[in-house]
Amino acid sequence: MTILLPLYPWIKSLHIISMVAWMAGMFYLPRLYVYHCGLRRGSAESERFKVMERRLLKQIINPAMMSTWTFGLLLVATPGVIDWHAGWWHVKLLAVILMSGFHGALSKWRRDFLEDRNTRSERFYRIANEVPTLLLIVIVFMVIARPF
Ligand code: HEM
């Protein structure tokens, strides 16, 4: 789609702005789950965490993920941007799909807290919190350094 060529720097800017918002939410939500584990079910504090988790997911993480994908795919559709034989692109795409899968898991875990049936431990969510960080490191090294 040659019409995208003059828009390339703007679309890439919007792609990076969207991914920063997505990552901010992906780092913060598991942290809320860590603290939510320590609260008594049905308590006022637990109910307040449910509201915070719903707003963070619905108002920030979901829209940011969708716009990261939208502008990312527009970049893919821009002639000359992607060399489909490049190893870095395949590793980036795999890491982005894993990141989207982790997003799905966060959404399911939120529902477990909402319905007061979370059984996972604080330690589980502390470890889970590292997943988006590791994936981000892989993605940025791939797309900037392009090692292979
Ligand atoms: C969600 C699906 C995604 C797709 C389809 C996608 C696709 C792309 C494409 C095609 C480019 C342009 C590369 C170029 O200019 O040569 C790009 C740039 C970039 N992407 Fe993504 N991306 C996605 C998600 C992400 C995520 C999740 C991150 C970070 C966590 C990310 C970080 C970046 C960065 C930093 C650049 C700029 C690279 C540069 O300036 O050369 N992308 N992306």
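Here, the structure is the one placed above.
Residues numbered from 1 in each chain as written. Predicted model: local features only at pLDDT ≥ 70, side-chain atom pairs only at ≥ 80, totals over all residues. Heavy atoms only, no water.

## A closer look at the site of the ligand
Near the ligand, the surroundings consist of 22 residues, among which Y8, K12, H15, K92 and R146 are the closest. The contact in question runs from an oxygen atom of the ligand to an N or O atom on the side chain of Y8, over 2.3 Å. One of the side-chain N or O atoms of R146 is found 2.9 Å from an oxygen atom in the ligand. Classifying every residue of the shell around the ligand gives 16 nonpolar, three polar and three charged. (Near = heavy atom within 4 Å. Polar contact = N/O pair within 3.5 Å; in protein donor to acceptor, adjacent residues only side chain to side chain. Nonpolar A, V, L, I, M, F, W, Y, C, P; charged D, E, K, R; others polar.)

## Quick notes on the pattern of salt bridges
Counted according to the given criterion, the structure contains nine salt bridges. Ionic pairing is found between K50 and E47, a salt bridge with its closest N-O pair at 2.9 Å. Remark: E47 and K50 occur in helix 2 (residues 44–76); sequence separation between them is three residues, near one turn of the helix. D112 serves as the salt-bridge partner of R120, at 3.2 Å between the closest nitrogen and oxygen. Judged by its relative accessible area of 25%, R120 is partly exposed. Taking the relative accessible area as the measure of exposure, D112 reaches 3% and is therefore buried. Through salt bridges that share partners, K108, R111, D112, E115, R117 and R120 make up one connected network. (Salt bridge = Lys/Arg side-chain N within 4 Å of Asp/Glu carboxyl O. Helix = DSSP H or I, 4+ residues; strand = E, 2+ residues; numbered from the N terminus. Buried < 20%, exposed > 50% of the residue type's maximum accessible area, 1.4 Å probe, protein only.)

## Side note on helix 2
Between its first and last C-alpha, helix 2 extends 47 Å over 33 residues, near the 48 Å set by a 1.5 Å rise per residue. Along helix 2, the sharpest change in direction is near 35° and occurs at L57. (Expected span 1.5 Å × (residues − 1). Bend = angle between axes of the 7 residues up to and from the residue.)

## Observations concerning the side chain of S100
Considering the arrangement of structural elements, one finds S100 in helix 3 (residues 87–114). Polar side-chain contacts of S100 include one of 3.1 Å to the side chain of W69.

## A few points about the packing of helix 3 against helix 5 (residues 130–145)
Relative orientation of the contacting elements helix 3 and helix 5 amounts to 155°, with a least axis distance of 9 Å. By the angle class used here, helix 3 and helix 5 are roughly antiparallel. Where helix 3 crosses over helix 5, the two elements pack in a sense that is left-handed. Residues W88, V91, K92, A95, V96, L98, M99 and F102 of helix 3 lie in contact with helix 5, whose contacting residues are V131, P132, L135, L136, V138, I139, M142 and V143. Taken together, the residues of the contact of helix 3 with helix 5 sort by class into 15 nonpolar, no polar and one charged. (Axes fitted to C-alpha atoms, helices over the stretch in contact; angles between N-to-C directions. Parallel < 35°, antiparallel > 145°, perpendicular 65-115°, else oblique. Left-handed = near helix turned anticlockwise from the far one by under 90°. Contact = heavy atoms within 4.5 Å.)

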